[in-house]
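# Residue-level structure breakdown
Here is how the chains run, residue by residue.
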Amino acid sequence: MIVKESIIIVLLTSFLGLISGIYLSDQYDLLSSIPIFIMVIPPLNACIGDLSTILISKFTTYLYIGLIPPKIQKSETLRNNFFALLITGILSVLFLSIISIIISPPNSLSILNPFIYTFILFITIIVLFTVFFIICFISAIFLFKHGKDPNNIMIPTLTSTADLITPIILLIILQIFI
Amino acid sequence: MLSQDSKTKIVKESIVGEIISITGDLFAGIIMVFFIIPFESFSYLIIMIPALLTLRGNVSGTFIARTTRDLFTGELSKTLKPIKRWLENIGATLFISLLVGVFIGILSQIVSILLGNEIFNLFIFLSIPLFTILFDLIISIPLSSFLNISCFRFGLDPNNLVNPIMTCVDDFLTVFGFLLSLILLGVP
């Protein structure tokens, strides 16, 4: 029963992971010239995955207790959550940036200014968080309206999508700046 | 209470978990940069790393969620009885992991060939994900079960604590297991 219910989604999400790996392999020359970016990919993936999980879990709770209506409209609750979790993301990335610069191997930032490196991480988290916030909100309302629990469907989907999208967006933004 | 959640309260509550999660994953990144990049074959080994991390999250995360659910519903006691139910959960987790591990190994090999990389021994390409996943699960399953039961005994909700802790532990174990597999299999 467990195998039957899980195998398809696990195979699909692993396939998404492979696509991300293919992209990283394709960008190997760029990554190997700035290895600090290889170091920050796992924590950045974890950060976006965690924030998405918090968002979908909060939206689901708000919808179930009636704190937000099942309609796409602005509210104080939404604004509070958007800015609070965005600040959390930015502070987390600031921490990640400082620690990674301290412990990174010599020459891992030789072709990039540390401030630009931090700025790239900031832009990445802001872009990804905004996109995931919108996706979480719309999908939570859609699934809730159709009588489904958004937690069950969206948490595995979003964390896997975050694993796929985060390195791609990070490298695209990096290419803009160098 | 939820309606009174201010921005400051949300930031305060979520930042601690984030810092722990980021720190754990940073160790995984450090292993990659200091120990895995130097491998000659890194440019095509990197294909399977995101897939392994994703698989780890989905398989280990759902194992933890199922154990927590069973503890809450009383289908599993604090002494892990009936043991058959816990073993079934482990069996399913291992079966899914090994099956998807083979899938990742074969597909990585195909993709690597299509990208024009040097043709690698298929046995090695299959063994790397299988070893990595087994290494992670052998440590992760007993550890997460212990944490789950400990939280339950102390009246804490395992959902809030075990998953964030195990995310960073599992990511570290996956990357470390990956490194060990490369060394043991003599990958160039």
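See the structure above.
In this report, we go over the structure that sits alongside the text. Within each chain, residues carry numbers counting from 1 in the order of the written sequence. To label them, take the chains in the order written and letter them from A, then take the ligands in the order written and number them from 1. Residue-level local features of this predicted model are given only where pLDDT is at least 70; pairs of side-chain atoms are given and counted only at 80 or more, and the full residue set underlies all totals for whole chains, interfaces and linings. Excluded from the side-chain calculation are hydrogens and water; included are all heavy atoms of the structure.

All names here are of chain A. A cluster of nonpolar side chains, F83, I87, L91, L94, I98 and I102, forms an exposed patch at the surface whose accessible area comes to about 520 Å². Where helices and strands are cited, they refer to DSSP runs of H or I of at least four residues and of E of at least two residues respectively, numbered from the N terminus. When you line up the elements, I87 lands in helix α4 (residues 76-103). Here's how the labels work: a residue is buried when its accessible area is under 20% of the maximum for its type, exposed when over 50%, partly exposed in between, all with a 1.4 Å probe on protein chains only. Residue I87 is classed as partly exposed on the basis of its relative accessible area, which comes to 38%. Grouping into patches uses exposed residues only, defined as over 30% relative accessible area, and leaves out salt-bridged ones; the cut-off is 9 Å for like charges and 5 Å for nonpolar side chains (Val, Leu, Ile, Met, Phe, Trp, Tyr). Exposure was quantified through the Shrake-Rupley algorithm and a 1.4 Å probe, taking into account, for residues, occlusion by the shown protein chains and nothing else. Salt-bridge detection follows one rule: a side-chain nitrogen of Lys or Arg within 4 Å of a carboxyl oxygen of Asp or Glu.

Any two residues whose heavy atoms approach within 4.5 Å at even a single point are treated as in contact. The partner chain A presents 52 residues to the 47 residues of chain B that form the contact. A simple way to read buried area is as the amount of 1.4 Å-probe accessible surface that goes missing from two parts once joined, with both sides added. Here chain B and chain A share an interface that buries about 4400 Å² over both sides, 79% of which is from carbon and sulfur atoms. Our count for the chain B to chain A interface comes out at 0 salt bridges. Side-chain atoms alone can form a polar contact between residues adjacent in sequence; in general such a contact is a pair of N or O atoms within 3.5 Å, and within protein one must be able to donate a hydrogen while the other accepts it. Where chain B packs against chain A, one counts 3 residue pairs in polar contact (both at pLDDT 80 or more). Counting only elements with at least two residues in the side of chain B that touches chain A, the list comes to α1 (7-36), α2 (42-45), α3 (48-73) and α4 (83-114) of chain B. Counting residues per element, the side of chain B that touches chain A draws most heavily on α1(B), at 18 residues. Charged means Asp, Glu, Lys or Arg here, nonpolar means Ala, Val, Leu, Ile, Met, Phe, Trp, Tyr, Cys or Pro, and polar covers whatever is left, Gly included. Here the side of chain B that touches chain A is built from residues that sort into 32 nonpolar, 10 polar and 5 charged.

Residue and element names in this part refer to chain B. In this analysis, the expected span of each helix is defined as 1.5 Å times one less than the number of residues it contains. End to end, α3 covers 37 Å across 26 residues, agreeing with the expected 38 Å (1.5 Å per residue, within 8%). For α3, a buried count of 20 out of 26 residues is recorded, marking the element as mostly surrounded by other parts of the structure. Following α3 by one or two positions, G74 has its phi on the positive side, about 80 degrees.

Coordinates in, geometry out; function isn't part of it.
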